[in-house]
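Residue strings, one per chain:
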Amino acid sequence: MQQARQSAPSKRPGVRRPAAARSQAHTAAAPARGIPQGSPAPTRAPNPAKPVKPVKQAKPKVKRRKKVKDPNRIKLLSFHSRVDVPMLLLVMVLLVFGITMMFSAGHALSYRDNKGDSFYYVTRQLTAAGLGLVGMFFLTFFDYRFLRYEFRVLGGKRRITATHLVVAASMLLNLLTIPFGIAAEGGQKRWLPIPGFGQFQPSDMLKIAVIVYFAYYIHKHSDKMRKFYDGIWIPGLMLVLMILSMISQTHLSCMVIICLVFVAMLFVGGSNLKYLLPICVLVALAAVFAVMVLDVGYFKERILFMDPLSEPGDRSYQNYQSALAIGSGGLWGKGFGNSSQKYYYLPEAPNDFVYAVLVEEFGLVGGLVVILLFLIFVFRGFYIARKSEDKFGCLLATGITFQIGLQAFLNLGVNLCCIPNTGISMPFFSYGGTALMFQLWEMGLLLSVSKRAKLS
Amino acid sequence: MDKKTNNNTGLFWRFAAWAAKKDAEDAEKPPVIGYRGRQIVILAIVVGFSAFVGYNLLKFTVLDGDMWRQQANRQQMRESTIMANRGAIYDANGTVLAQSSTVWNIIFAEEATYRASKAYRENYENKQLKWLDDKDPNKEPLPPFKELSEVIIDGLSEILGVSPDGMRKAYIAQEHNYYIVKRKVEKPEVKLIEQFLIDNGISSDCVYAEQTSKRYYPNGSLASNVIGFTNFDGDGVYGLEAYYDEYLRGTDGKAFYRTDGEGKAVEYGNDDVFSATDGHSLVLTLDEVLQHYLEKNLELCVSQHSVINRACGIIMDCNTGGVLAMATTPSYDLNNPSEITSVYDLDLLEQMKKEGKSEEEIAEQEGILRERQWKNKAVTELYNPGSVFKTVTCSSALEEELININTTFNCPGYADVAGTEIHCWREWGHGEQTLQQAMTNSCNPCFIAIGQMLGMQKFSNYFEAFGFTEPTGIDLPGEEQSIYVPYSRMGPVDLAMSSMGQTHKITPIQMCTAICAIVNGGKLVTPHLVDKILDCNGNVVETKETQIKRQVISEETSKTMRGILETIVNENGGHNAYIAGYRIGGKSGTAEKIEDYEKAGGLAGGAHMTYISTFAASVPMDDPQIVILVLADTPTGPEYYGSAVACPVVSAVFKDGLEHLGIYPTYTAEEQAKMDATVPNVIGDMTMYAQSYLTANNFEVRFVGDPTGDAQVVDQIPASGSVIPRGSTVVLYVGDVKEREMGEVPDVIGKSSSEANELIINAGFNIKILGGAAENVNAVATMQNYDPGVTLYKGSVIEVTFQANSFGD
């Protein structure tokens, strides 16, 4: 392998290096980007056992030249270049830790609410994780650029991409909740029934769709991004359209996350700050007005009763219980499985408040480990984005990383009572099959990007 | 190859080709990413926010950790009390007098029931659907639906016999999740409830039993004033239960456990449990059998002599101070202490109701009466000891050698003390008499003289030495402090009155202890009820030793006093306390309750002055073992002297109980001759043999029918096995005589023993003379076991009780 890497550049002397200053090591890694390897043949598998190397050289060379294609050689699934192993490990650690903690936090509630089945939630979560992992590995070895490959439909009249299909499908599914959605207690129709399987939350899919779409959009219009019309107006309209599709769900936290991811992507994608900043400020002011004056989504109350001690038994009940759980964790925690608050004190122990249970069981140390894990995740994700030479890949990685990181830290904030309680779930940790599955698929896309990124 | 690829029109192949081309293009030109700096901005925001979150985490877990942990514990931790079992109380023979048993409170959890009622209804609806689907034509009809709460309420009220209204009200109110349906339910009922819950598929969240304990007194009212009882919380409030509460109660344990959000305990290994220590048990010196005899006879006394202010009795082991029996009559049922038992008290309440007194007044009065019936008269009430106290005066003077057994006194019928005339009970006086006679006659002027001989200083010293100035220290609560004239304030009249026991007011237990000291050789002992204290495993924790406070009088004086007291009982042909075969010594007393009499306007229910009749006795006088003091407060019958009212109780208790205590009679030859004999069976015997056999057994024989020849006895009266006095006549029926001779019982009440004997023999009956004073010249019949005019078979035995009631005190 080492030999192959070293020999590759010599085989393609005409290739221009991205930067002259690049180190030798970096140059050596270049072929790992999934570009078809010219001919791995003679140099790739040198057999030291064979003493007569030059004699036999001529014959296989001819044969291999036939097999080795030109640089335009086609590859749909590539197994040659390396996935970013730290990222893969990080994802697996988060997944295993997450499901374990979800089980610890949720088995009591599962027992109570599912006729004595302590494993009900964890079984479903594991099923979702299985589906998610299969999708993740498929996507990892799938060339993400297919998402922006334009092909002609309707007899060649229109050119669309897979991204358009993803967006259309997710919007359609979201719209389907209007007639078919399963209403929750508050009247929000957030789930679609899947006969014989369970429920499906289309808003999780929309998050991916938003990321993929704007990555594609910015990539396509990268030269026009600094203009108002192409850089702000059109994407903004698209965003509003997409968000409108989940109108029946009244899923405020999801909308906020989508908007924030959108802003972050525009920002990184190169929107003109001259337009972006004032608009953001305006929207933020409008949001504050809506919250404080019009009292949309009862947000005012959530802000007012954010302090766990403001009304412990009543309106800040969840925050109070969360604070009790986290506070009684101490430095090292009570030990795995020893949380008391999960026994029906924390109303959403396996969902929004896994972190509280985690801190109760593993203390400050456990809590910091989780913060660190997510920080490392964000750093690595952004690093992948940075090193991706493809703008689409860069924005995809940025969007995905930002979305996961944002959700994680917002959830931590809610658990620690420094953010109004909005029902943001924690990636990989919170109970929710659809969310977990799509998160893993996103990880597949991220890893796919990592394969093509020039990571050191 | 390339051609083939290009010709392929599949989407993915075209993409692959496009991708390859892109790769090639990318390789050609530098990648245009741009705006990497903006990524750093976002990263910085994320890092900043994570630092904020991390700080909050630190604040919650470590900086404010203690506060949150405290609040969490307050929310999660519950403590439950593990009740210690209260110790038992045993009598000297190990009979249980008081014990605790586990019982249960039945709790109806109304909130839980309300929550469960939905599921219950659904369950019924499912059953109904199944029933409707069932095509079997013979299917049993489904019972109509009944709400869960109704099922529970009806079931519980039926099993426990309580009114369903309370439960219904609680269920509607939904205020608590805890309604006590019934307290202190026994095991069988709890079992029934458990079965009921299982049968109806009701969760134990809705109805459950909570363990608690109940104090149970197997003997009901026996020794109730001594034992006392516990209150609602299980603390002893009266008697031994109160005095030894610290020992009996034990130490409750505590269990700390975590609960879940629904208040149920979470299984945890680290619960803190401090187990309970059961209470100690008491073994009393009290003898259940003797106590029973004492109570029985006191009750008889109270009803016979209409004792309106209750009677009490103490039996003490005079050497150790151990109380063998202590009773107050009427007593009350320990298992139901609030019920008023005294007929006089009930009459009083009835009277108040008739007079139209308000309910509060009646309730108040009822409370007072209840308090009074719970009191132990022997310890908590004062009385004038009267003539019984003369023993103290006498022994003090003997100890000081101011008098001896032969000193003579003159009684003119009164004594002039500093200008005040104090009368003797016998107004014409006793004339010249020895000390023994003065004691027997209970002559007041003699004892005034003895008191004057002693002087105030010595009298007061002995008064104190005999323990009358301080509580005896008996292990019972509420011992009353005596009232007396101290030396500093004593005048000659006080001395005179005191020496005959009329000034000071003392408790019966003080008097009893003093009598003990007089007869036991002069040692003043501390009376006590508890012999041993056992821990919950039956090991002896503490043994109460005999406590001798001091030597009051010498052994010699005590011996003299024993002789005097024994002579009182034996003199004049026998006292009411006399029992053949026993050496009994005693002294009666009849104290005037002048204050009470005046307070009641001289109309306190009786035709005479209000008195307290007492009698103190000891047995056997050669080596005194026990001392008994019986006190009847305000008898309202025709008799009021101590020897008439209190003495029969002493006599009866001795007769019943001395053998139980291991004190057996030793008869003199004279007594032996007067003893009763058992009639042998002679039915079927030849007359000749029957006659000789009965004669040999000291019986007279009278034949009815022709006894000659070989006639056989066909019947005998009294029947074989009857115990009758020797010399009685046995009537034998001979041959085919069918008719039995009948006679009418004569009225012998008020007759002397010889008159009564004659009357009964003449009527064809046999007489059995009862009562220690039967041979006393003053004795008259006070009771006969068959009423006058009743027809009986001739030869039957009529028991007649004689008493010498004209004894003065």
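Only a predicted model underlies this, so the values are computations on that prediction, with no experimental measurement involved. (Residues numbered from 1 in each chain as written. Chains lettered and ligands numbered in written order. Predicted model: local features only at pLDDT ≥ 70, side-chain atom pairs only at ≥ 80, totals over all residues.)

## Observations concerning the overall build of chain A
Step number 1: When its secondary structure is counted, chain A shows 16 helices and 5 strands.
Step number 2: Per-residue burial over chain A gives 47% buried out of 456 residues.
Step number 3: Here the contacts in chain A between residues at least 6 apart in sequence split such that 70% fall between residues at least 24 apart. (Helix = DSSP H or I, 4+ residues; strand = E, 2+ residues; numbered from the N terminus. Buried ≥ 20, exposed ≤ 12 C-beta atoms within 10 Å, placed from the backbone. Contact = placed C-beta atoms within 7 Å.)

## Focus: the overall build of chain B
Step number 1: Scanning chain B for helices and strands turns up 27 helices and 31 strands.
Step number 2: Of all 809 residues assigned to chain B, the portion counted as buried reaches 42%.
Step number 3: Considering only contacts within chain B whose residues lie at least 6 apart along the sequence, 73% involve residues at least 24 apart.

## As for the confidence of the model for chain B
All names here are of chain B.
Step number 1: Residues of chain B with pLDDT of at least 70 account for 95%, and the chain-wide mean is 85.
Step number 2: Below a pLDDT of 50 lies the segment residues 1–7, which in the model reaches 5 contacts outside its immediate sequence neighbourhood of four places, other chains included.
Step number 3: Of the regions scoring below 50 in pLDDT, residues 602–606 engages in 8 contacts with residues more than four places distant in sequence or in other chains.
Step number 4: Here the predicted complex scores 0.65 on pTM and 0.82 on ipTM. (pLDDT = per-residue confidence, 0-100.)

## A closer look at helix H15 (residues 391–415) of chain A
Step number 1: Compared with an ideal rise of 1.5 Å per residue, which puts 25 residues at 36 Å, H15(A) spans 36 Å between its outermost C-alpha atoms and is within 8% of the ideal.
Step number 2: Immediately downstream of H15(A), the backbone of A:Cys417 shows phi near 60°, a positive value. (Expected span 1.5 Å × (residues − 1).)

## A short note on the sheet that holds strand S6 (residues 253–258) of chain B
All names here are of chain B.
Step number 1: Read from one edge to the other, the open sheet built from 3 strands follows the order S1-S6-S7, with strand pairing classed as antiparallel. Two strands close off the open sheet at either side, each with one partner strand: strand S1 (77–82) and strand S7 (272–274). If you compare each strand with its neighbour and ignore which way they point, the axes differ by 20° on average.
Step number 2: Across 6 bridges, S1 lies against S6 in antiparallel orientation. Along S6, the bridge assignment pairs Ser80 with Ala255. (Pairing = 2+ DSSP bridges. Axes fitted to C-alpha atoms, helices over the stretch in contact; angles between N-to-C directions.)

## Some details on the interface of chain A and chain B
Step number 1: Listed by partner, the interface residues are 56 residues for chain A and 57 residues for chain B.
Step number 2: Contributions of two or more residues to the side of chain A that touches chain B are made by helix H10 (252–269), helix H13 (317–327), helix H14 (354–387) and H15 of chain A.
Step number 3: Sorting elements by how many residues they give to the side of chain A that touches chain B places H14(A) first, with 11 residues.
Step number 4: Considered class by class, the residues forming the side of chain A that touches chain B number 34 nonpolar, 12 polar and 10 charged. (Nonpolar A, V, L, I, M, F, W, Y, C, P; charged D, E, K, R; others polar.)

## A closer look at H13(A)
Step number 1: Most of H13(A) sits out of view: 10 of its 11 residues are buried.
Step number 2: Listed as buried for H13(A) are A:Gln318, A:Asn319, A:Tyr320, A:Gln321, A:Ser322, A:Ala323, A:Leu324, A:Ala325, A:Ile326 and A:Gly327.
Step number 3: Buried-residue contacts for H13(A) involve H14 and H15 of chain A together with helix H3 (36–63) and helix H4 (65–76) of chain B.

## Describing unusual backbone geometry
The general pattern is negative phi for most residues beyond glycine and trans for most peptide bonds.
Residues and elements named next belong to chain B.
Step number 1: Of note, the amide linkage connecting Thr329 to Pro330 takes the cis form, showing an omega dihedral of 0°.
Step number 2: One can find Pro330 in the loop between strand S10 (323–329) and helix H13 (343–354).
Step number 3: Put simply, Val619 and Pro620 share a cis peptide bond, and its omega is -20°.
Step number 4: With respect to the helices and strands, Pro620 occurs in the loop between strand S20 (611–619) and strand S21 (626–633).

## Here's the deal with the sheet that holds strand S28 (residues 766–770) of chain B
Residue and element names in this part refer to chain B.
Step number 1: The strand order S28-S31-S29 describes an open sheet built from 3 strands, whose pairing is mixed. Every other strand in the sheet has two partners, leaving S28 and strand S29 (780–784) as the edge strands with one partner each. Each neighbouring strand pair of the sheet contributes to a mean axis angle of 40°, computed without reference to strand direction.
Step number 2: In terms of strand pairing, S29 meets strand S31 (residues 797–803) through 4 bridges, oriented antiparallel.

## So, the pairing of S10(B)
All names here are of chain B.
Step number 1: Most of S10 sits inside the fold, with 7 of its 7 residues counted as buried.
Step number 2: Alignment of strand S9 (residues 311–317) against S10, held across 6 bridges, turns out to be antiparallel. Bridge pairing in S10 places Ala311 opposite Thr329.
Step number 3: Between the end of S9 and the start of S10, which pair antiparallel, lie 5 residues, with Gly321 showing a positive phi angle near 85°.

## Some points on the nonpolar core
Step number 1: In this structure, B:Val627, B:Ile628 and B:Val650 are the most contacted members of the largest nonpolar core, which totals 162 residues.
Step number 2: If you tally residues by element for this core, the top one is helix H18 (residues 444–465) of chain B, at 11 residues.
Step number 3: Leave out the neighbours within four places in its chain, and B:Ile628 touches B:Gly313, B:Ile314, B:Ile315, B:Ala616, B:Ala617, B:Val650 and B:Val653.
Step number 4: Within the second largest apolar cluster, 119 residues are counted, among which are A:Leu94, A:Ala323, A:Leu324 and B:Val46. (Core = buried A, V, L, I, M, F, W, Y, C linked by C-beta atoms within 7 Å.)

## Examining the packing of helix H5 (residues 85–113) of chain A against helix H6 (residues 120–140) of chain A
All names here are of chain A.
Step number 1: At a minimum axis distance of 7 Å, the contact between H5 and H6 shows a crossing angle of 155°. Considered as vectors, H5 and H6 are oriented roughly antiparallel to each other. The handedness of the crossing between H5 and H6 is right-handed. From H5, Leu95, Ile99, Met102, Phe103, Gly106 and Ser110 reach across to H6, where they touch Tyr120, Tyr121, Val122, Gln125, Leu126 and Ala129.
Step number 2: Of the residues belonging to the contact of H5 with H6, the class tally is 9 nonpolar, 3 polar and no charged. (Parallel < 35°, antiparallel > 145°, perpendicular 65-115°, else oblique. Left-handed = near helix turned anticlockwise from the far one by under 90°.)

## Brief notes about the environment of A:Lys274
All names here are of chain A.
Step number 1: Of note, Lys274 is situated in helix H11 (residues 273–292).
Step number 2: Residue class for Lys274 comes out exposed when judged on the 11 C-beta atoms lying within 10 Å of it.
Step number 3: Spatially, the C-alpha atom of Lys274 lies 9.0 Å from that of Arg226, the residues being 48 residues apart in sequence.

## Brief notes about the packing of helix H8 (residues 202–220) of chain A against helix H16 (residues 433–452) of chain A
All names here are of chain A.
Step number 1: Here H8 crosses H16 at 20°, and the two axes come no closer than 8 Å. With respect to each other, H8 and H16 are oriented roughly parallel. The chirality of how H8 crosses H16 is right-handed. Each of Asp204, Met205 and Ile208 in H8 lies in contact with H16, whose residues at this interface are Thr434, Ala435, Phe438, Trp441 and Glu442.
Step number 2: In terms of residue class, the contact of H8 with H16 is made up of 5 nonpolar, 1 polar and 2 charged.

## Remarks on the environment of B:Pro527
Residues and elements named next belong to chain B.
Step number 1: Among the structural elements, Pro527 can be located in the loop between strand S15 (523–525) and strand S16 (530–534).
Step number 2: For the pair Pro527 and Thr472, spaced 55 residues apart in sequence, the C-alpha to C-alpha distance is 6.8 Å.
Step number 3: With sequence-adjacent residues up to four places away left out, Pro527 is seen in contact with Met316, Gly321, Val323, Thr472, Ile474, Ile509 and Thr513.

## Examining the confidence of the model for chain A
Residue and element names in this part refer to chain A.
Step number 1: The predicted model of chain A averages 82 in pLDDT, with 82% of residues at 70 or higher.
Step number 2: Note that pLDDT drops below 50 for residues 1–46; the model gives that stretch 55 contacts with residues more than four away or on any other chain.
Step number 3: Overall, residues 68–74 carries pLDDT values under 50, and its contacts beyond four positions in sequence, including any with other chains, amount to 20 contacts.

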